[in-house]
Structure formats: structure tokens, C-alpha cells
Amino acid sequence: MLDLVIINGQAKGIIARNLVTGEIERFGAHAVVLATGGYGNTYFLSTNAMNSNGSAAMQAYRKGAFFANPCFAQIHPTCIPVHGDQQCKLTLMSESLRNDGRIWVPKKMEDVMKLRKHEIKASQIPEEDRDYYLERRYPAFGNLVPRDVASRAAKERCDAGYGVNETGLAVFLDFADAIKRLGHQRVEERYGNLFQMYEKITSSSPWEEPMMIYPAIHYTMGGLWVDYDLQTTIPGLYAIGEANFSDHGGNRLGASALMQGLADGYFILPYTIGDYLSHKFAEPKTDINAPEFAEAEKAVKERIAKIFAVKGTETVDSIHKKLGHIMWEYVGMARNEEGLKKGIEEIGKLREEFWKTVRVPGTNEEFNQELEKALRLVDFFDIGELMARDALNRKESCGGHFREEMQTEEGETKRDDENFMYVAAWEYKGEGVAPELHKEDLKYENIKIATRNYKD
Amino acid sequence: MEYNIKVWRQKNAKAKGHFETYHVTGVEEDASFLEMLDILNDQLIRKGIEPIAFDHDCREGICGACSLYIDGRAHGPDDQVTTCQLFMRHFKPGATITVEPWRSGAFPVIKDLVVDRGAFDKILQAGGFITVRTGAAQDANNILISHDDAELSMDAAACVGCGACVATCKNGSAMLFVAARVSSLALLPQGRPEAARRARAMVAKMDELGFGNCTNTRACEMECPKHVTIDHIARLNREYLKARFSE
Ligand SMILES: Cc1cc2nc3c(=O)[nH]c(=O)nc-3n(C[C@H](O)[C@H](O)[C@H](O)COP(=O)(O)OP(=O)(O)OC[C@H]3O[C@@H](n4cnc5c(N)ncnc54)[C@H](O)[C@@H]3O)c2cc1C
Ligand code: SF4
Ligand code: FES
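Treat the numbers as computed from the prediction; the structure is a model and nothing was measured.

Trainee: Can you explain the overall build of chain A? Please cite residues and give values.
Mentor: Helix and strand content of chain A: 11 helices and 14 strands. Whereas a compact globule of 456 residues would reach a radius of gyration of roughly 23 Å, chain A reaches 24 Å, a difference of no more than 12%. Residues counted as buried form 55% of the 456 residues belonging to chain A. With the model as given, the accessible surface of chain A reaches about 20,300 Å², and the carbon-plus-sulfur share is 52%. Within chain A, the 70 negative side-chain charges are centred at a point lying 2 Å from the centre of the 57 positive side-chain charges.

In C-alpha cells:
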């Protein structure tokens, strides 16, 4: 899907590109449901599938649907670390590993240095020289603290110089104790396939040496704003699953995304969309020859032609990789005002660079993966910028969003409920114009809001 | 590290294909096979050569998209992995590596290494869905399933629909795929009511789409990245026979 068609203020269809033939096709309907997933791939490296993208949501946003809480992205603590600059995808190791694995880095810098030079192995570092930092900082929850907390704690140790691989961006996840306590067989039953997968990828055996892990982008809580019927601010346009902003708020617990998929698609939408459609019975079938379709199709064709016309020297991936670096550096695990402003500026520059230097080979009228990627990247620029804007606006640390200016003395998150207890819903105001912020206040009637505490 | 990649190039479904050999440089030892292809494509584009089209999505062995035939084996030389989980450390530096698409009449080439595996979707559709309402948690707890059945069903459900079984089979049979799908549902009480009808419909669709017959060569089992075994084919045959008898 490359565009949304709106007739008389209502969503009436989409424009899509046939991936095999390149044909630009029109689809008319009485309502449109977007189930197009999240935008984690803005960061280039994430655990998301390669074809995941935020384009459909972005088209809807440009046509008037509000985009809510874009800054809330989840960073998963147990991914296999990046191994160089040729990687395109990060592999997630199941969270269940934290049930029995213990996370640590060395206490002594000299051990860190020896590890990096492969002079010693992790298993040779004596117990008293290991810093089980999650158990140290969060005695009550230990290695089972939520994802955002575990991720930030790993970053804190690595930023302090204790990262255990050559890049300095990895911590240990150790099963030696579990194997001692439970025996080989029980561990094999629980994690055998994961150990095997880890060994296939890294050629290191978790039975002998601890795994190495590092946080990576995994899920995006933000998305198209929807009401309780899952309808966006455009009548007739619905968004379900990771594509919308509902259910998770600023954070997300494990397994809740599939819960949301079921809830939205199975229990909610079938009951709510009927209400909308029941008012449409009298309306004739949407005419795909309407001028609105022609206009949208023309705009899509122009967008494609503009991309081919650049005829530069750089590949789409190499530019996307740069966007990923900007996002990870300035809109990543820890954010601050200066960095976010810089990030917005850098994204703007990179967008210009794209339109001057990108090279997309081939034509539209064929199976063309480079074109697909380029079309998505155009939207990732805008999503990245919107994320940074939202992060800049939210001067508090909340859920997956951590503002360095807003932390306790111990480096924990500090919310500002007085000023930020709202959903930030952004309205598109045109290209190059700042979007408008709408605030939906959060009112809690049945629960008392509190501060998270994993220490005691 | 450097490699010579001898790869199948075919502009579209109608065009005639041919092999082309390219030299790829600067590949890290820890790179995956698909990352190597990314690097090669980057180098090709910069030289003004059209990049090689190949299918992929999850890149962690769960979607089944990365269907490549490498040095004469589906998913390459490592065992029980999909192509995205194959690493360059399995190849000698400087080696010439031959990369082809799945070769099977039921999977026509779309471009280069990308084939249309839509036939699998059609078989799945023919299987239909389960009619039992899954109900709430307490209902699930009331229907007891033995540990062994649950494990067997999960083993079959591990099939990612990659098509390696078809590509490997000298008859181009899709029996292992169909067996995995029929088995995983037939082993659970929720899938029982339609088990016979499902087996019949899926086998009929498989035949209609031009997949070959199974002659028990077991080649499929050897190359399945998810270790689906031909025991499931035996189970499929049982369901199929039952369906024939009850007709
Ligand atoms: C590695 C990994 C492991 C996970 N494990 C778990 C877990 O154990 N438990 C859990 O609850 N959650 C898990 N999640 C999260 C969960 O899987 C996702 O949030 C969920 O699948 C999202 O579902 P969805 O249907 O909303 O979107 P998706 O599954 O992302 O589907 C979106 C679909 O839309 C298509 N699409 C996108 N844009 C367009 C367009 N413009 N035109 C046409 N089609 C388009 C995409 O190709 C895709 O098929 C995991 C995620 C990852 C990445
Ligand atoms: S049975 Fe195995 S080889 Fe065949 S499609 Fe499924 S996973 Fe692939
Ligand atoms: S890309 Fe999904 S299984 Fe290989």
C-alpha cells in the first residue's frame, strides 16, 4: 500500500504497487483497516523482519490521521550483539533465558581488557570479580526486571567501559549456575533449542561459556491514534495491532503484542467496524474511477519517478544505515534535549542527501526490491523525525522513553505526571511544517498510579 | 574475505535464465549468507549492475522466505538451518559458491532467486480452518492433551513453509509440507473434527497444483531446516485413507 484514498473526508480505499509487475493498482472499499505493524526498522538494525515498515501508517498520517506517542519504542535486552558494520538484522534471543541465566560484567577493568584481547575466557574470571549488576541494583527482581530497565542497565555498564566484546557493547548471560543447580538435562529441556541457535550464529557454546547479549530495538508502542472502536481520526480508517498506539502505553510487557493482535482483530474490530458499516449500506460501491483515486495514483507515480530521477551513487541500504546510526545515537536508549535537536537536524540533512545521491536501479515495471526499500526509507525519515520531536517534547522519563535530564540520583526514571500525563497525538501540517500537538489527558479511575520499584 | 558467487539470473518469469559469476570482497567471517548477498548487491549497484533479487524477511529462521539452493543443497551446506541462519564460516575463503532458486514446476521463478511459493498458500487455504470455538482459558484447561501429543504436534507445527522439501525431492513432491500441516492439527483435539476432510482437501489441492508423488526417498527429511520427519507423512497417509474409507 502506497497511499490512502479519502473521499468526502472518509477512507474509501488504497493505492498499492503490485510487487511482481510494478503496476499501480486501485482498491475501493467502504472502510480501510491497517494491520501493517510497527516502525522499529527506522533504526535500520532491529529485531523486526526486514520488510516491516511504517509506510502505511505514514501515508495515513499525511492524509490527516493523528500519530500518537511516536517516541515510545521498546528496546529488548537479550539480543545477539552487533558484530561489525555489515549486519542488517539483529537476532532476538528469547526472554525466557533470563529466568535462569545470570547477567554480569567483570568488576575489574583489567579483566575486561583481557577478554577483549581473547587472553582469558569468561569462565576463568572468579566469582568475586564478577558484577551481577542487575542483582546488585535490583535485589527484589534481579535478572527479571522489565525490558527497559535491563536494557538501560546494560547500557550503563557498557558506557562505563565494561562491555565484554571487541566493540565494548555486550554483557554476559551466564548459565553456569543454572546448569549446576538444575543439571544438564533440565537446562537442555528448557533452553536446548535456544542454545543450539545461539551456537549456530556465534559458533560459541553456551554450555561452556556465557552468552553475550546486548539491547536492540524490538517493538514500537506508538502508532496511529485510535479510539475505543480502533478508528483513527479519519472516519472509516481503522488501525489494529502494532500499527496503532493503544494497549501498551509507554511500555510493553512480554507476550502482550500477540495478545493485542488477538484482542484487536478477534474481539474488538469485528464488533466495532459493523457500527460504521451499518451506516453505509445505502451507499453504492466505491468507484475507483473517482477523481480522488486518480489524484492519489498520480501522486504515487510521481513519488516513484522522483526516486528514479535522482540517479546518484549511493545505495538505499547505505543511507538507511546512516539513519539508523543517527536514531540509535540521539533517539535511542537515553535521550537528551541537545541530542534530540541534533538528531532532528541530522535527519533533515540525510533526507537531503538521499534526494541528491540515492541510486535505484531498474524500472518501476518489474520486481524491484531496491525501489521497495527506497519508498520505505522516504517514510522512515519522517517517522524518525516525528519520534525525535515527540521525545523532545516529552521532558520526562516514562516507559521506554528515557530523558537523561529526568532521572533520580541512582539513574532511575523520573516521570512528571503533572505536566505529561497525556497521550501526545501529532497532526500533520504539511511538508517542512512542524506538526501540531494534541493532548489526550489520561484519567485513571480504578487504579492509583505509582512509581515502579524493583529494588525492594 | 572474498568469494566467487555463481548465481542464477533471470529477468522475469518469461525470460530465459543463465548463470553469472561475480566476485564479492570484504565479507566478514561472522557474516551470514544473506549478509554476504547484501554486500555483493551493494557492490553490484555501485558498478551499475542490477542487484540480485532474493527473498527474505525475518532473517531468524521463522518465516521460511529465504529459499536458496546453495552448492546443490537446499539452504546450503549446514544442517537444520534456513539460509538466513547459514554463516560464511562454512565456506572456504575464495571458494566459488553456486546459488540457484528452488527448481520446481510448482514454484515458478519471479526473478533471479525469487520464486512464487503461492502454491503452498493455496494448499493451506484448501485445508480450511478449525470449526471448534477455542473458548476461554478454563475451556482450554478442560481439554487435556498428553505431553507427548503436544510435543509431536509442535514438532510438526515447526514447519515454516520454506519449500526446501519440494526443491530437494526428485519428484517435486510437497508431501512433507502437507504432512506437517495435517499432522500438527490432527494430533490435537481441536483439529480432530475436520482431520479427514482436511487431509483429503490438501492432498487433492497438492495434486492439482502439479506437485509430484512421494516415493519415500526421505530426501525431504534430510533437508528440512526444521527437522520435520517423514513420520508425519505416515500420519497423513492414515488420515487420508480414513477419509477414503468413510466416503
Ligand atoms: C523477533 C520477534 C519476536 C517476537 N516475539 C513475541 C512474543 O513472543 N510474544 C509477543 O506477544 N510478541 C512478540 N513479538 C512482537 C509481535 O510479534 C509483533 O508486535 C506482532 O507480530 C505485530 O503484529 P501485527 O499484525 O500488528 O503486524 P505485523 O505482524 O508486523 O504485520 C504487518 C504486515 O503488514 C505488511 N505491511 C506493512 N506495510 C505494508 C504496506 N505499506 N503495504 C502492504 N503491506 C504492508 C507487512 O508485510 C506485514 O505482513 C515479537 C517480535 C519480533 C520481531
Ligand atoms: S516441511 Fe520442512 S522443508 Fe518442507 S516446507 Fe516445512 S520447514 Fe520447509
Ligand atoms: S528469512 Fe525468514 S526464515 Fe530465513
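The structure having been displayed, the exposition proceeds.
Trainee: Any details on the environment of K122 of chain B? Residues and values, ideally.
Mentor: Residues and elements named next belong to chain B. Structurally, K122 can be placed in helix α2 (residues 118-127). Judged by relative accessible area, K122 falls into the partly exposed class, the value being 43%. Sequence separation of K122 and D55 is 67 residues, and the distance between their C-alpha atoms is 19 Å. If we skip the residues at most four places from it in the chain, K122 touches K205 and L209.

Trainee: Hey, could you go over the interface of chain A and chain B for me, with residue numbers and the actual values?
Mentor: Much of the literature gives interface size as the accessible area that the parts lose upon coming together. Each partner contributes to the interface: chain A provides 34 residues, whereas chain B provides 35 residues. Contact with chain B buries area across many residues of chain A, yet Q86, K200 and F367 of chain A alone supply 25% of it, more than any other trio. Between K11 of chain B and E366 of chain A there is a salt bridge; the shortest N-O distance is 3.2 Å. Inspection of the region where chain A meets chain B yields 20 residue pairs in polar contact (both at pLDDT 80 or more). Going through the elements one at a time, α5 (176-202) and α10 (369-393) of chain A are the ones with two or more residues in the side of chain A that touches chain B. Within the side of chain A that touches chain B, the residues separate by chemical class into 11 nonpolar, 16 polar and 7 charged.

Trainee: How would you explain the environment of D264 of chain A if you had to name every residue and give the values?
Mentor: Residues and elements named next belong to chain A. Checked against the element boundaries, D264 lands in helix α6 (residues 256-278). Given a relative accessible area of 0%, D264 falls into the buried group. Along the chain, D264 and L45 lie 219 residues apart, while their C-alpha atoms are 28 Å from each other. Ignoring anything within four residues of it in the chain, the contact list for D264 reads L230, I240, G241, N244, S246, D247, L269 and P270.

Trainee: Summarise the sheet that holds strand β3 (residues 69-70) of chain B; cite the residues concerned and give the values.
Mentor: All names here are of chain B. Taken in spatial order, the 5 strands line up as β2-β1-β5-β3-β4 in an open sheet, and their pairing is mixed. Looking along the sheet, the strands with just one partner apiece sit at the ends: β2 (18-24) and β4 (73-74). Direction of pairing for strand β1 (residues 3-9) relative to strand β5 (residues 96-100): parallel, over a ladder of 4 bridges. Paired with V7 across the bridge in β5 is V99.

Trainee: Describe the nonpolar core, with residues and values.
Mentor: The biggest cluster of nonpolar side chains holds 129 residues, and the ones touching the most others in it are L97, F175 and L237 of chain A. The dominant element in this core, judged by the number of residues it contributes, is α10 of chain A, at 13 residues. Counting only domains with at least three residues in this core, you end up with domain 1 (3-72 + 221-441) and domain 2 (77-217) of chain A. Sequence-distant contacts of L237 of chain A, that is, excluding residues within four places in its chain, are made with L4, A11, V32, L34, A60, A65, L230, Q231 and T232 of chain A. Core analysis: the next-biggest nonpolar cluster, separate from the first, contains 36 residues, F120, I123, C162 and V228 of chain B among them.

Trainee: Just give me the short version of the site of ligand 1, but keep the residues and values in it.
Mentor: Around ligand 1, the structure places 19 residues, and the nearest of them are M1, E242, R252, A255 and L258 of chain A. Those chains with residues close to ligand 1 are chains A and B. Within the contact set of ligand 1, a nitrogen atom lies 3.2 Å away from a side-chain nitrogen or oxygen of N53 of chain A. In the environment of ligand 1, a nitrogen atom lies 2.9 Å from a nitrogen or oxygen atom belonging to the side chain of R252 of chain A. Here ligand 1 has 1,000 Å² of accessible area as a free molecule, and 62% of this is covered by the chains. Mapped by element, the contributors of at least two residues to the shell around ligand 1 are β10 (211-220) and α6 of chain A.

Trainee: Please set out the sheet that holds strand β7 (residues 102-106) of chain A residue by residue, giving values where relevant.
Mentor: Whether parallel or antiparallel, the strands of a sheet pair through hydrogen bonds between backbone atoms. Reading across from one edge, β6-β10-β9-β7-β8 (chain A) is the order of the 5 strands in this open sheet, with antiparallel pairing throughout. The outermost strands of the open sheet, each flanked by one partner alone, are β6 (73-79) and β8 (130-131) of chain A.

Trainee: Got a sec to walk through the domain arrangement of chain B? Specific residues and values, please.
Mentor: Residues and elements named next belong to chain B. The domains assigned to chain B are domain 1 (3-111) and domain 2 (117-245). The C-alpha centroid of domain 2 is placed 29 Å from the C-alpha centroid of domain 1. Interface of domain 1 and domain 2: buried area, both sides summed, is about 1,500 Å²; carbon and sulfur atoms make up 55% of it. Of all residues in domain 1, the largest losses of buried area upon contact with domain 2 belong to Q80, A106 and F107, amounting jointly to 36% of the total for that side. Our enumeration of links across domain 1 and domain 2 arrives at 1 salt bridge. Joining domain 1 to domain 2, the criterion identifies 6 residue pairs in polar contact (both at pLDDT 80 or more).

Trainee: Hey, could you go over helix α9 (residues 231-245) of chain B for me, with residue numbers and the actual values?
Mentor: All names here are of chain B. The end-to-end C-alpha distance of α9 is 21 Å, a good match for the 21 Å that 15 residues give at a rise of 1.5 Å each. Turning to α9, its buried residues number three or more, namely H232, I233, R235, L236, E239 and A243. What you see down the axis of α9 is that its buried residues fit within an arc of 160 degrees, all on one side. Turned more than 90 degrees away from the buried face of α9, the exposed residues are D231 and F245. Summarising the contacts, the buried residues of α9 are in contact with α4 (147-157), α6 (175-186) and α7 (195-208).

Trainee: Describe unusual backbone geometry, and please don't skip the residues or the numbers.
Mentor: Positive phi outside glycine occurs at N69 of chain A, with the angle close to 45 degrees. Tracing the backbone shows N69 of chain A in the loop between β5 (67-68) and β6.

Trainee: Mind laying out a nonpolar patch on the surface, listing which residues take part and the relevant values?
Mentor: A contiguous nonpolar patch, built from L442, Y444, I447 and I449 of chain A and spanning about 340 Å² of accessible area, is present on the exposed surface. Structurally, the position occupied by Y444 of chain A is in the segment after β14 (436-441).

Trainee: Help me get a handle on the pattern of salt bridges, residues and values and all.
Mentor: Once their charged atoms are close, side chains differing in charge can pair, the charge on each being opposite to the other. Counted by the stated rule, this structure contains 61 salt bridges over all chains. Between D129 of chain A and K108 of chain A there is a salt bridge, with its nearest N and O atoms 3.2 Å apart. Highlighted residues: D129 of chain A in the loop between α2 (109-116) and β8 and K108 of chain A in the loop between β7 and α2, separated in sequence by 21 residues. On the basis of relative accessibility, which here comes to 13%, the residue D129 of chain A falls in the buried class. Given a relative accessible area of 35%, K108 of chain A falls into the partly exposed group. The salt bridge involving E50 of chain B is made with K11 of chain B; its shortest N-O contact spans 3.4 Å.

Cut-offs applied
Residues numbered from 1 in each chain as written. Chains lettered and ligands numbered in written order. Predicted model: local features only at pLDDT ≥ 70, side-chain atom pairs only at ≥ 80, totals over all residues. Heavy atoms only, no water. Helix = DSSP H or I, 4+ residues; strand = E, 2+ residues; numbered from the N terminus. Rg over C-alpha atoms; globule rule 2.2 N^0.38 Å. Buried < 20%, exposed > 50% of the residue type's maximum accessible area, 1.4 Å probe, protein only. Areas by Shrake-Rupley, 256 points an atom, 1.4 Å probe, with all protein chains shown as cover. Lys, Arg positive; Asp, Glu negative; His and termini not counted. Charge placed at Lys NZ, Arg CZ, Asp CG, Glu CD. Contact = heavy atoms within 4.5 Å. Buried area = accessible area lost by both parts, 1.4 Å probe. Salt bridge = Lys/Arg side-chain N within 4 Å of Asp/Glu carboxyl O. Polar contact = N/O pair within 3.5 Å; in protein donor to acceptor, adjacent residues only side chain to side chain. Nonpolar A, V, L, I, M, F, W, Y, C, P; charged D, E, K, R; others polar. Pairing = 2+ DSSP bridges. Core = buried A, V, L, I, M, F, W, Y, C linked by side-chain atoms within 4.5 Å. Domains from an automatic or database assignment. Near = heavy atom within 4 Å. Expected span 1.5 Å × (residues − 1). Arc of directions from axis to C-beta. Patch = residues over 30% accessible without salt bridge, like charges linked within 9 Å, V, L, I, M, F, W, Y side chains within 5 Å.

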